[in-house]
Amino acid sequence: MEQTTPVDPLGGLADEQAKRRGLRKMKLVALSFLLGATVVFALTSWAQAAGWTGWVGYLRAAAEAGMVGALADWFAVTALFRHPLRIPIPHTAIIPNKKDALGSSLGEFVGANFLSEHVIRDKLRRAEIARRLGEWVSQRDNAERVTSELATMVRGLVTVLRDEDVQAVLEQALVRRVVAQQWGPPLGKLLEQVFADGAHYKLVDLMCDRSYEWVRDNHATVLRVVSDRAPTWSPKFVDAMLADKVYGEVLSFAWAVKTDVNHPMRLALDKFLGEFAQDLQKDPDTMARAELVKQQLLDHPDVQRLIGSAWTTAKGMLLAAAEDPSSELRLRVRDGLSSLGTRLVSDDSLRSKVDGWLEGAAAYLVTNYSREITTIITDTVERWDAEETSRKIELQVGRDLQFIRINGTVVGALAGLVIYSIAHAVF
C-alpha cells in the first residue's frame, strides 16, 4: 500500500520546529522530576543506612513512590507512540500498530455523531443560513461581487468547452429532436387555439386591406390581364369595356370583403382555416405534407448555416455580456440577486422554504452518502506512514502528555507519603 506522510494540520516548518523545542523542553522537565525523586531516594536510603531515623523514612517513602509513579507514567506515555526502550512489549506502540483501527473508529465516530440526519437538520436550522445569506447578498456590493464571480465562472466554462463538442450536443439535443417530432399535430392544435380566440382576425384584416389597395392601385394591370385573355377576333373597344367592368367588380368585391366582417369570403376563409387546423392534427396526407415542408426547411442552406453558427453566436454574446460589468445580463443578475436577498430577509415563507430545501439536501447526502464521506477519513489514515503519523501526533499532543509524567511523580510521592504515614501510625 502506498504510504504518504500526513499533512501537518497547523502547517509550517517554523511552527513544527517550535513545537519540537517545546516537546523536548517538557520531556526534560518531566525527566528532571524523575531524577529529583531518584536523588532524594538515594540520599534518604543512605541516611537510613547510616542510622538516621524519623522524618528520613517519610521522605524516602515519598521519593520511592514518586519514582514508581514517574516510571509508570513514562511507560504509559511512551507506549502510545513507540515500544519503550525498543522492547516489543505487547500492547505498546499503540498508535503505529492501531493506526488503521483508530482511523476506522474515528470515521465511525464522525458518521454516528456528526453525519446523522437529526444533527445536520438541527445545526442547519439553528444556523439560519437563508436569512444570513439574504442579509449578505441584499447589499449591493456583495451582489456585485457574486455577479462578478459568476461571470468569471461562465467565462471559464465557455472557454473550456470545445465548440465542436457543444455544436454536436446542440444537434443531438435540439435539431434531432425537432426532426423526430411531428410538426402537424402541435401546429394544428396551436392554430386551432389561435382561430378559436379570434387572434387571426387582425391578420385577415391586413390581408383584405392590402388586397383592396393593390386592386385600387393597379387599374392598368387588371385591364391588361383581361385584354390579354380576350379572343383575338374581339374588338378592342369591347375588350376595354369588359376589362373596365371586370376591374370595377373586382374592386367592389375587394371593398366588400374589406369592410364587411361577415362577408361570405371571410366566413369561407375562417372555415378553411378551421378545417386546415383539424387536418394538421388528423389527416394523414396533410400531416405528411407538413413533415415534407419541415424537412425542406431544415435542409435549406441558410437554415443549416444558422444551426452551424448558433453556438458561435451565442458564445460570443455570452462572453461579451460576462466581461462587460455594465452589460444588461450582469445588471439583471446583480439586481436579481439583491432582490432575492431582500426577499429572503423579509419573506418568512420563502426563507422557510429555502431552509427546508437546504435541510432536505443535506439530509439526503448524509443519509445516502455518509459512509462515502467517512471513508475519506479512514482511507486517508490508512495511507499515512505509521511511524511518521506517530511522530506527528506526538509533536502535537506530546507536550501536554508530559504533564502526565510530572503529575505521576508528584501524585505518586504524595500517595507514597500517605501510605507510609498510615502504615507507620498503625503498625
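This is a predicted model, so every value here is computed, not measured.

**Description of the domain arrangement of the protein chain**
Each domain of the protein chain was delimited in the assignment, giving domain 1 (22–92 + 385–426), domain 2 (128–160 + 328–375) and domain 3 (176–319). For domain 2 versus domain 3, the distance between C-alpha centres works out to 51 Å. Of the residues lining the interface, four residues belong to domain 2; the matching set on domain 3 comes to four residues. For the pairing of domain 2 and domain 3, the buried interface totals around 370 Å² over both sides, and the portion due to carbon and sulfur atoms is 85%.

**Let's talk about the packing of helix H6 (residues 129–137) against helix H17 (residues 348–383)**
Between H6 and H17, the least distance of the axes is 8 Å, while the angle of their chain directions is 120°. Regarding the angle of H6 to H17, the classification is oblique. Between H6 and H17, the residues in contact are Ile129, Ala130 and Arg131 and Arg351, Val354, Asp355 and Leu358, respectively. Of the residues contributing to the contact of H6 with H17, the split by class is four nonpolar, no polar and three charged.

**Some points on helix H1 (residues 13–49)**
Between its first and last C-alpha, H1 extends 53 Å over 37 residues, near the 54 Å set by a 1.5 Å rise per residue. Buried within H1 we find Glu16, Gly22, Leu23, Met26, Ala30, Leu34, Ala37, Phe41, Thr44 and Ala47. In the core, the buried residues of H1 are packed alongside helix H2 (55–81) and helix H18 (386–426). The positive-phi residue at the C-terminal boundary of H1 is glycine 51, with phi of around 100°.

**Description of the side chain of threonine 44**
Of note, threonine 44 is situated in helix H1. Take threonine 44: its relative accessible area is 6%, and that puts it in the buried class. Side-chain polar atoms of threonine 44 contact the backbone oxygen of valine 40, separated by 2.7 Å. Residues within four places of threonine 44 in sequence aside, it is in contact with Val56, Leu59 and Arg60.

**Considerations on unusual backbone geometry**
Positive phi is not limited to glycine here, since arginine 86 has a value of about 60°. Locating arginine 86 in the fold gives a position in the loop between H2 and helix H3 (94–97). Among the residues examined, arginine 86 registers a relative accessible area of 77% and is labelled exposed. Of note, alanine 93 is a non-glycine position whose phi angle comes to about 50°, a positive value. Within the fold, alanine 93 resides in the loop between H2 and H3.

Criteria and cut-off values
Residues numbered from 1 in each chain as written. Predicted model: local features only at pLDDT ≥ 70, side-chain atom pairs only at ≥ 80, totals over all residues. Heavy atoms only, no water. Domains from an automatic or database assignment. Contact = heavy atoms within 4.5 Å. Buried area = accessible area lost by both parts, 1.4 Å probe. Axes fitted to C-alpha atoms, helices over the stretch in contact; angles between N-to-C directions. Helix = DSSP H or I, 4+ residues; strand = E, 2+ residues; numbered from the N terminus. Parallel < 35°, antiparallel > 145°, perpendicular 65-115°, else oblique. Nonpolar A, V, L, I, M, F, W, Y, C, P; charged D, E, K, R; others polar. Expected span 1.5 Å × (residues − 1). Buried < 20%, exposed > 50% of the residue type's maximum accessible area, 1.4 Å probe, protein only. Polar contact = N/O pair within 3.5 Å; in protein donor to acceptor, adjacent residues only side chain to side chain.

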